[in-house]
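Observations on the model geometry
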Amino acid sequence: MSPLARVSEAYGPRFAEFAFEPAFTAAVDQHVSALRDRLEVTGADLEPPAPDAELLSDYTLGFLDALDETGWREPVGHDYAVCRLTAISWLVKRHDLLNGNRSATH
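Residues numbered from 1 in each chain as written. Predicted model: local features only at pLDDT ≥ 70, side-chain atom pairs only at ≥ 80, totals over all residues. Heavy atoms only, no water.

Side note on the overall build of the chain
Along the chain, the regular secondary structure elements total 4 helices and 0 strands. Along the chain, helices (α) and strands (β) appear in the sequence α-α-α-α when read from the amino end. Counting only contacts in the chain whose residues sit at least 6 apart along the sequence, the fraction spanning at least 24 positions is 68%. Working note: accessible area of the chain is about 6200 Å², and carbon and sulfur atoms make up 53% of it. (Helix = DSSP H or I, 4+ residues; strand = E, 2+ residues; numbered from the N terminus. Contact = heavy atoms within 4.5 Å. Areas by Shrake-Rupley, 256 points an atom, 1.4 Å probe, with all protein chains shown as cover.)

What follows is the structure, given as structure tokens:
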């Protein structure tokens, strides 16, 4: 399973928390923004373009490796890693990256 698929499967269900956890929603939004900056996803349009799936996948794999090396375990709440992984999952879903659709805007 690809890193993007693994993260999406594990952290996509956390989107339901957005309805009752505004601080979590805001934190994930900040992580999405940071990821776009890191992956140099810029554009003049009002709607940001999709990140390159391969770059995001490489970043995700490195992030997961770093978590494994540190012995990180998912906490009950929302730490930095949970927010970052949920942000990755949100980008994947938002831009339909698992299906190769780089221009999805739904």
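Things to note about unusual backbone geometry
Even without glycine at this site, Asp96 takes up a positive phi of about 50 degrees. Residue placement: Asp96 occurs in the segment after α4 (80-94). Asp96 gets classed as buried once you look at its relative accessible area, which sits at 19%. (Buried < 20%, exposed > 50% of the residue type's maximum accessible area, 1.4 Å probe, protein only.)

Some details on the nonpolar core
Leu56, Trp72, Leu85 and Ile88 are the most contacted members of the largest nonpolar core, which has 25 residues in total. Contributions of two or more residues to this core are made by α1 (3-11), α2 (22-38), α3 (53-70) and α4. In this structure Trp72 touches Tyr11, Leu67, Asp79, Ala81, Val82 and Leu85, once residues within four positions along its chain are discounted. (Core = buried A, V, L, I, M, F, W, Y, C linked by side-chain atoms within 4.5 Å.)

Observations regarding the packing of aromatic side chains
Summed over all chains, the structure comprises 4 aromatic pairs. Through successive ring pairs, a cluster of aromatic residues spans Phe15, Phe18 and Phe24. (Phe/Tyr/Trp six-rings, centres within 6.5 Å; stacked < 30°, edge-to-face > 60°.)

Some remarks on the packing of α2 against α4
Relative to each other, α2 and α4 sit at 70 degrees, their axes nearing to 8 Å. In terms of orientation, α2 lies roughly perpendicular with respect to α4. Once α2 is placed against α4, the crossing between them reads as right-handed. Contacts between α2 and α4 pair Phe24, Ala27, Val28, His31, Val32, Ala34, Leu35, Arg36 and Arg38 from the former with Tyr80, Val82, Cys83, Arg84, Thr86, Ala87, Ile88, Trp90 and Leu91 from the latter. (Axes fitted to C-alpha atoms, helices over the stretch in contact; angles between N-to-C directions. Parallel < 35°, antiparallel > 145°, perpendicular 65-115°, else oblique. Left-handed = near helix turned anticlockwise from the far one by under 90°.)

With respect to the confidence of the model for the chain
For the chain, mean pLDDT is 89; residues scoring 70 or higher make up 89% of the total. Across residues 102-106, confidence stays below pLDDT 50; counting only partners more than four residues off in sequence or on other chains, it has 10 contacts. (pLDDT = per-residue confidence, 0-100.)

Observations concerning the side chain of Thr60
Of note, Thr60 is situated in helix α3. Classification of Thr60 as buried rests on a relative accessible area of 0%. Apart from residues lying up to four places away in sequence, Thr60 is in contact with Pro3, Leu4, Val7 and Ile88.

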